Amino acid sequence: MTEAEQVRLQALVDKFIADASEFCDSVRVFGTIHDGPTDSTDTFTDGGGNLYAQHAQVREWLIQQDEISRLGTPTKEEDDP
């Protein structure tokens, strides 16, 4: 990702956070970027509002996802009577 693309992406994320913050107490955005020349994946995150609320929300989401994986999710066929 070029420096110009990084600046543009940060501007988009900043705008999203500002817009969403009108309705939310806190906002946290995560993204991944594939870096072609090094064939690696870079990450970024940014947020606004109550940092402790952001942390707790992410932690709760991770726990829920781990629990879904542990229990397994039924397929569409298993849901049908």
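Described in the following lines is the structure provided in the data block. (Residues numbered from 1 in each chain as written. Predicted model: local features only at pLDDT ≥ 70, side-chain atom pairs only at ≥ 80, totals over all residues. Heavy atoms only, no water.)

## Digging into the overall build of the chain
Looking only at helices and strands, the chain has 3 helices and 2 strands in total. The globule rule puts the C-alpha radius of gyration for 81 residues at 12 Å, and the 17 Å found for the chain is more than 25% above it. C-alpha extents for the chain along the principal axes are approximately 55 × 35 × 20 Å. In the chain, which comprises 81 residues, the share counted as buried stands at 14%. In the chain, once contacts between residues fewer than 6 apart in sequence are set aside, the share between residues at least 24 apart is 34%. About 6800 Å² of surface is accessible on the chain, with carbon and sulfur atoms providing 55% of the total. Taking the average place of the 6 positive charges on the side chains of the chain and the average place of its 17 negative ones, the gap between the two points comes to 4 Å. (Helix = DSSP H or I, 4+ residues; strand = E, 2+ residues; numbered from the N terminus. Rg over C-alpha atoms; globule rule 2.2 N^0.38 Å. Buried < 20%, exposed > 50% of the residue type's maximum accessible area, 1.4 Å probe, protein only. Contact = heavy atoms within 4.5 Å. Areas by Shrake-Rupley, 256 points an atom, 1.4 Å probe, with all protein chains shown as cover. Lys, Arg positive; Asp, Glu negative; His and termini not counted. Charge placed at Lys NZ, Arg CZ, Asp CG, Glu CD.)

## Re helix 1 (residues 3–20)
Here helix 1 contains 18 residues, and its C-alpha end-to-end distance of 26 Å stays within 8% of the 26 Å for a straight helix at 1.5 Å per residue. Looking at helix 1, one finds that the buried residues are Val13, Ile17 and Ala20. Looking straight down helix 1, one finds its buried side chains confined to an arc of 70 degrees; they lie on one side. Of the exposed residues in helix 1, those oriented more than 90 degrees away from the buried face are Ala4, Val7, Arg8 and Lys15. The inward-facing, buried residues of helix 1 abut strand 1 (26–35) and strand 2 (40–49). (Expected span 1.5 Å × (residues − 1). Arc of directions from axis to C-beta.)

## Examining the nonpolar core
Val13, Ile17, Ala20, Val27 and Val29 form the largest nonpolar core, which has 5 residues in total. Broken down by secondary-structure element, the contributors of at least two residues to this core are helix 1 and strand 1. By residue number, the principal contributor to this core is helix 1, which donates 3 residues. (Core = buried A, V, L, I, M, F, W, Y, C linked by side-chain atoms within 4.5 Å.)

## Observations concerning the side chain of glutamine 54
Along the chain, the position of glutamine 54 falls in helix 2 (residues 51–71). Under the relative-accessibility criterion, glutamine 54 is labelled buried at 4%. A polar contact of 3.0 Å, which involves the side chain of glutamine 54, links it to the backbone oxygen of glycine 48. (Polar contact = N/O pair within 3.5 Å; in protein donor to acceptor, adjacent residues only side chain to side chain.)

## Notes on the side chain of serine 26
Counting through the fold element by element, serine 26 comes out in strand 1. Serine 26 sits in the buried class, given a relative accessible area of 14%. Beyond its immediate chain neighbours, meaning those up to four positions away, serine 26 contacts Gly48, Gly49, Asn50, Ala53 and Gln54.

## A word on helix 2
Across its 21 residues, helix 2 extends 30 Å between first and last C-alpha, which sits within 8% of the 30 Å expected from 1.5 Å per residue. Following helix 2 by one or two positions, glycine 72 adopts a phi angle in the positive range, close to 80 degrees.

Everything listed is a geometric property; what it means functionally is a separate question.
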